[in-house]
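Each chain, letter by letter, is given below.
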Amino acid sequence: MLRKFKYNLNALSHDSAIGLIQKVLDKGVNIKEVYVDTVGDPGKYQAKLKDIFPDLEITVASKADATYPIVSAASICAKVGRDRAVKGWIFKENMSEEHTEYGSGYPSDPTTKKFLASSCDYVFGFPQFVRFSWSTADKILEKEAAPVYWDDEEEEGENKKKKKTPSVLSFFQPKTIDARKRKHRFFRDRCLKQVREF
C-alpha cells in the first residue's frame, strides 16, 4: 500500500508459479506437463507460461483443482504449508497472546474479523502480517484508524496535464544532494518527514 509500485496478487501468483516451474527444471526434473489453476484470464496466463516454457505442455484452467486431481493435491499441500507458516508466525510488533488468534484469514471468518478489529492501531494500522490493501482490512482502517490524506494524490489529478516527462539527459546530471544527508529509503518510501513542532 505504501510502496511506490504496487505488486498485486495476480502478479505474485504468476511469478511464484514461474519460479516453481523454473526451480524444478533447474534441478533436472523431467517435466512434460504442467497444470495450473488460473489467476486472471486463463488464455493469457497459459500463453504467458507457454512463452516462458515452450517445451512444456501447459494447461491453465479455471477451477483446475476440481478438474485435475494433481492440482487438487497441490492445492491441499499449499494450504497445509501456508497454515504451518501462519501458525508459527512471530509478530515483529510484540503483540500480546490474546491478539494472535487470527483464524483462517478469510473475510467471512469471525475470528479473522475479531483479530483485525482488535489489532488495528489508530496511527500505525495493522501489524505487518496483514495486507493493508485487502478490502476487509481497508474498511476497518477507514472506520478505526486516523484518516490519512495524501497531497500528491490530489496534485496528480489537478496537474496531470501540466507535468512533463523529464528528459533522459536529466538522469545523467551530477547528484546535488549529499548522500550522507539523504533520508533513509524507509522514510522516503513512506513520505515521512521530520517534525520539530506540533
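**Concerning the overall build of the chain**
For the chain, the helix and strand inventory stands at eight helices and two strands. Listing each helix as α and each strand as β along the chain from the N terminus yields α-β-α-β-α-α-α-α-α-α. The buried share among the 198 residues of the chain stands at 18%. Within the chain, contacts between residues separated by at least 24 positions form 44% of all contacts whose residues are at least 6 apart in sequence.

**Focus on the packing of helix 1 (residues 9-26) against helix 2 (residues 42-52)**
Packed helices, taken two at a time, are described by the angle their axes make and the gap between the axes. Relative to each other, helix 1 and helix 2 sit at 35°, their axes nearing to 11 Å. The handedness of the crossing between helix 1 and helix 2 comes out as right-handed. Within the contact between the two elements, helix 1 uses Ser-13, His-14, Ala-17, Ile-18 and Ile-21 and helix 2 uses Tyr-45, Lys-48, Leu-49 and Ile-52. Residues belonging to the contact of helix 1 with helix 2 are distributed by class as follows: six nonpolar, two polar and one charged.

**Overview of the nonpolar core**
Core analysis: the biggest nonpolar cluster contains twelve residues, these being Phe-91, Tyr-102, Phe-115, Leu-116, Cys-120, Phe-126, Val-130, Trp-134, Ala-137, Ile-140, Leu-141 and Ala-145. Those elements that provide at least two residues to this core are helix 5 (110-119) and helix 6 (135-144). Here this core gets three residues from one element, more than from any other, and that element is helix 6. Those residues in contact with Val-130 that sit more than four places away from it in its chain are Phe-115, Leu-116 and Ala-137. By size, the runner-up hydrophobic cluster in this structure holds eleven residues, among which are Val-34, Val-36, Leu-56 and Ile-58.

**Thoughts on the side chain of Thr-136**
Inspection of the secondary structure assignment puts Thr-136 in helix 6. The buried category is assigned to Thr-136, whose relative accessible area is 17%. Setting aside anything within four residues of it in sequence, one finds Thr-136 in contact with Pro-107 and Leu-116.

**Things to note about unusual backbone geometry**
Positive phi, close to 60°, is recorded for Lys-63, a residue that is not glycine. Mapped onto the secondary structure, Lys-63 falls in the loop between strand 2 (57-61) and helix 3 (64-67).

**Focus on the side chain of Thr-38**
With respect to the helices and strands, the residue Thr-38 is situated in the loop between strand 1 (33-37) and helix 2. A distance of 2.9 Å separates the side chain of Thr-38 from the backbone oxygen of Gly-40, its partner in a polar contact. Setting aside chain neighbours within four positions, we find Thr-38 in contact with Tyr-45, Val-60, Ala-61 and Ser-62.

**A word on the environment of Gly-43**
Secondary-structure assignment places Gly-43 in helix 2. When the C-alpha atoms of Gly-43 and Ala-61 are compared, they prove to be 8.4 Å apart, with 18 residues separating the residues in sequence.

Basis of the calculations
Residues numbered from 1 in each chain as written. Predicted model: local features only at pLDDT ≥ 70, side-chain atom pairs only at ≥ 80, totals over all residues. Heavy atoms only, no water. Helix = DSSP H or I, 4+ residues; strand = E, 2+ residues; numbered from the N terminus. Buried < 20%, exposed > 50% of the residue type's maximum accessible area, 1.4 Å probe, protein only. Contact = heavy atoms within 4.5 Å. Axes fitted to C-alpha atoms, helices over the stretch in contact; angles between N-to-C directions. Left-handed = near helix turned anticlockwise from the far one by under 90°. Nonpolar A, V, L, I, M, F, W, Y, C, P; charged D, E, K, R; others polar. Core = buried A, V, L, I, M, F, W, Y, C linked by side-chain atoms within 4.5 Å. Polar contact = N/O pair within 3.5 Å; in protein donor to acceptor, adjacent residues only side chain to side chain.

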